[in-house]
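Chain and residue survey
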Amino acid sequence: MFAVPHRFLYPTSFWPAAGRSRFLATFRRIALGGLARSEDGKFGDVLLADALTSYARPLSELYIALTMMWRRQGTDSVDRSSMVAVPLLLAVPFAIRLRQCITDNQPYNALKYATAFPAILFSTLLRAESLGAWRGLIGYLWILAALTNALYSFYWDVTCDWDLTLLTRPVGDHPYGLRAKRNFPDTAYYSMIALDLVLRFAWAFKLSPHLEHFYDIEGGIFILELLEVVRRFLWVYFRVETEWVRTKHSSDVLLGDVGPKLDED
């Protein structure tokens, strides 16, 4: 049972180890919010740390599953919304990216990840049974935090990660909302924008421990996490395409120095 993760995390000559060793070194570096130099794979660090934010809910679910196994509990007795462990596990990936952005002097990008914390906090407070008259106010604050995070993240995806002009003043001659240099059909960009807007709001379930009733739907958590996997896969696909465009049309071949928006993820 433990052979596969052991071989992956601690590669030896028994299996090809170069890729796994590099992944482990990268993971160790970003686990504390570290960031490689541009020539050493900074862009890869950013992509991996961003991908971890999509694992916020699976990490909390793993904790729940291990707790159930350890305590020999059933699904009807486990507390899915621990007031401490689950919110902390949800917040860790965003804290990693927040520290990276602060280290890299990207305050506006850091703000994007910081907006996840109020949503997690207010959602956790809604689990408390002693809120009384405060429940309504906290509920409104949670909605506000949810909208802020989702809309800010969507703006950043479109404007800073994909260099599209839908939400900014267009410059140059290109289809509405897109950019001059493109490698995919125009419909692919428009479809991705619409899909990203819809799936960005799935975070409200992903980051909200108090919405446990969704888990009672058969396959509910699976559907939620599958949608996040699809969104993250497509996000990376378009993000790498954007990076390729920036690199190809720059005189500098280093990924970390080809443009002002390179690491704005």
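Everything that follows concerns the structure shown earlier in this document.
What counts and how
Residues numbered from 1 in each chain as written. Predicted model: local features only at pLDDT ≥ 70, side-chain atom pairs only at ≥ 80, totals over all residues. Heavy atoms only, no water. Helix = DSSP H or I, 4+ residues; strand = E, 2+ residues; numbered from the N terminus. Areas by Shrake-Rupley, 256 points an atom, 1.4 Å probe, with all protein chains shown as cover. Axes fitted to C-alpha atoms, helices over the stretch in contact; angles between N-to-C directions. Parallel < 35°, antiparallel > 145°, perpendicular 65-115°, else oblique. Left-handed = near helix turned anticlockwise from the far one by under 90°. Contact = heavy atoms within 4.5 Å. Nonpolar A, V, L, I, M, F, W, Y, C, P; charged D, E, K, R; others polar. Patch = residues over 30% accessible without salt bridge, like charges linked within 9 Å, V, L, I, M, F, W, Y side chains within 5 Å. Salt bridge = Lys/Arg side-chain N within 4 Å of Asp/Glu carboxyl O. Buried < 20%, exposed > 50% of the residue type's maximum accessible area, 1.4 Å probe, protein only. Expected span 1.5 Å × (residues − 1). Core = buried A, V, L, I, M, F, W, Y, C linked by side-chain atoms within 4.5 Å.

Let's shift gears to the overall build of the protein. Helix and strand counts for the protein come out as eleven helices and zero strands. Listing the helices and strands of the protein from first to last along the sequence gives α-α-α-α-α-α-α-α-α-α-α. As displayed, the protein has an accessible area near 14800 Å², and 67% of this comes from carbon and sulfur atoms.

For the pair helix α7 (residues 116-125) and helix α8 (residues 134-161), interaxial distance at closest approach is 8 Å and the crossing angle is 150°. With respect to each other, α7 and α8 are oriented roughly antiparallel. With respect to the hand of their crossing, α7 and α8 are arranged in left-handed fashion. Facing Ala116, Pro118, Ala119, Phe122, Ser123 and Leu125 of α7, the residues of α8 in contact are Ile138, Leu141, Trp142, Ala145 and Asn149. A per-class count over the contact of α7 with α8 returns nine nonpolar, two polar and no charged.

Another point: a nonpolar patch on the surface. A contiguous nonpolar surface patch, about 560 Å² in accessible area, is contributed by Tyr140, Ile143, Leu147, Leu151, Leu197 and Phe201. Among the residues examined, Tyr140 registers a relative accessible area of 63% and is labelled exposed.

Here we come to α8. Along its 28 residues, α8 runs 38 Å from first to last C-alpha, staying within 8% of the 40 Å computed at 1.5 Å per residue. Of the residues flanking the end of α8, it is Asp163, one or two places downstream, whose phi is positive at about 60°.

All right, on to the nonpolar core then. The nonpolar side chains of soluble globular proteins are, as a tendency, buried together. With 13 residues, the main nonpolar core has Leu90, Phe94 and Tyr113 as its most contacted residues. For this core, the secondary-structure elements that each account for two or more residues are α4 (56-71), α5 (85-103), α6 (107-114) and α7. A per-element tally of this core places α5 first, with six residues. Among the nonpolar cores identified, the runner-up in size contains twelve residues, and Phe154, Trp162, Leu164 and Leu178 belong to it.

Taken by themselves, the reported measurements are silent on function.
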